[in-house]
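In case you want the letters, here they are:
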Amino acid sequence: MINIEPFSGSYTYSDVQFLLKRVEMETTPVEIKEQLIQSGKKHYSEMISREDEPTSWHLDLFEKSIQQEGQRLAKEVLQLAIFLTQQIQTPIVLVSLVRAGVPLGVMLKRALKDLGKQTYHYGVSIIRDRGIDTVAMDWIENKHGKEGIVFVDGWTGKGAITNQLQQSLALRPGYQDKPKLIVLADPCGCAWASASDDDWLIPFGIMGAPVSGMISRSIWLNGDLHGCIQCNHLEKYDCSQYLADIVDQHRRQIDATTLPNVSFNPNKKHELFQISQQVIQHLAEKYNITNLNRIKPGIAEATRAVLRRIPDYVLVRNRNDPDVKLLIYLAESKNIKIIEDNKNLGNYRAITIIKKVSDE
């Protein structure tokens, strides 16, 4: 077994232990990366672009999102934590999918501790078309077994990572057909459990490294732990613990007895998934898209795509929706066409379509 030295990034060691290999890697300009991805010459996980510093406007909107949605975030974290204590009798092992699952995992770890539940928390990479990090999973299973493992992500988009997780775990004995994947928001209807099915402005969905322990998205290292880069150039913007602390403050003021139960309705999930698939299929036909990976649904995914990729269009249900303010600001600053569509987005309030820059 490969020797692993867990680290916590800008979080505390009690918050999370990243099972990643810190590497140094030359960055690839976004334009070149997009051409290499779409031409099939390189997989997205074999390259990384430099993460830009957030503008003052971006930081201001992030702060406003915390003010507007911090209480909701705290309430839903507590709902999920209570749900986990009801569902899992053994110690809980949170396996957060790097990066989007990590902030939620940290918040859940703290909430579960306050509820008196023994919990462990790890940040593990999963890469589309490559799978979950088997080296990291071997290490976790050897240390804790499989019974208490719960996978954590921030939200669902169109279900690609959920599907990848399912495929990966099918190759590992001892897991159920449907992985125990828990998310805040599940507009796609493909998670095991979620606090809601809404597409809403999750504060940590609109930031990258500064709200994820100051690490990059994961990098594929064949036969080894998946890798990451420490984003030291963004250190002055680090708000990872800041956001978790604010959520803690809100959560500790909530009367848990007033909270509704977490949604656990397979029929509703199936219906949401069908609607999501119809939306994706409609957009693929309308915009002549053969590679569905170019469609990034949901506010968080749409925003990240504008920050990291070369978009063609940004679709929003309502241009005046305050939850898509940042997305519209970023799109306008990059001269990306914004299309208002209040009929064909299903459960999503925003979708970004990546520009075709090479033959697929």
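Details of the structure are given in the entry above.
Residues numbered from 1 in each chain as written. Predicted model: local features only at pLDDT ≥ 70, side-chain atom pairs only at ≥ 80, totals over all residues. Heavy atoms only, no water.

S.K.: In this structure, what is going on with the nonpolar core? I would like to understand it.
M.R.: Inside soluble globular proteins, nonpolar side chains tend to come together where they are buried. Core analysis: the biggest nonpolar cluster contains 55 residues, and Leu73, Leu84, Leu108, Ile182, Leu184 and Phe204 have the highest contact counts within it. Considering each element in turn, this core owes the most residues, ten residues, to helix H2 (residues 56-87). In this structure phenylalanine 204 touches Leu73, Ala100, Pro103, Leu104, Met107, Gly154, Trp155, Leu184, Val211, Leu243 and Arg304, once residues within four positions along its chain are discounted. Ranked by size, the runner-up nonpolar core spans 23 residues in total, among them Val95, Val135, Phe151 and Tyr175. (Core = buried A, V, L, I, M, F, W, Y, C linked by side-chain atoms within 4.5 Å. Buried < 20%, exposed > 50% of the residue type's maximum accessible area, 1.4 Å probe, protein only. Helix = DSSP H or I, 4+ residues; strand = E, 2+ residues; numbered from the N terminus. Contact = heavy atoms within 4.5 Å.)

S.K.: Mind showing me how you'd approach the pattern of salt bridges here?
M.R.: Opposite charge on two side chains permits them to pair, given that their charged atoms come into close proximity. Counted by the stated rule, this structure contains 21 salt bridges. Here the residues in one salt-bridge network are Asp15, Arg110, Asp114, Asp245, Asp248, Arg251 and Arg252, joined through shared partners. (Salt bridge = Lys/Arg side-chain N within 4 Å of Asp/Glu carboxyl O.)

S.K.: Explanation requested: the sheet that holds strand E11 (residues 311-316) in the structure shown.
M.R.: For sheets, the rule is that strands pair by backbone hydrogen bonds, running either parallel or antiparallel. In spatial order, the strands read E10-E13-E11-E12; together these four strands make up an open sheet with mixed pairing. Of all the strands in the sheet, just strand E10 (295-297) and strand E12 (337-340) have a single pairing partner and so form its edges. The mean angle between the axes of side-by-side strands here comes to 20°, regardless of whether they run parallel or antiparallel. In this sheet, E12 lies alongside E11 in parallel orientation, the contact comprising four bridges. Looking at E12, one finds that tyrosine 313 is bridged to lysine 337. Packed onto the sheet, helix H8 (residues 299-308) meets E10, E11 and strand E13 (350-354) and runs at close to 35° relative to E13. (Pairing = 2+ DSSP bridges. Axes fitted to C-alpha atoms, helices over the stretch in contact; angles between N-to-C directions.)

S.K.: It is not clear to me how helix H3 (residues 101-114) should be interpreted in this structure. Could you clarify?
M.R.: Helical periodicity: at 3.6 residues per turn, an α-helix aligns residues three or four positions apart in one direction. Its 14 residues give H3 an end-to-end C-alpha distance of 20 Å, which sits within 8% of 20 Å, the value for a rise of 1.5 Å per residue. The element H3 is largely enclosed, with a buried count of twelve among its 14 residues. Within the span of H3, buried status applies to Gly101, Val102, Pro103, Leu104, Gly105, Val106, Met107, Leu108, Lys109, Arg110, Ala111 and Leu112. (Expected span 1.5 Å × (residues − 1).)

S.K.: Help me understand helix H6 (residues 240-251) in this model?
M.R.: Its twelve residues give H6 an end-to-end C-alpha distance of 17 Å, which sits within 8% of 16 Å, the value for a rise of 1.5 Å per residue. Every buried residue belonging to H6 is among Ser240, Leu243, Ala244, Ile246, Val247, Asp248 and Arg251, and all of these are buried. Check the buried side of H6 and you find it contacts H2 and H3.

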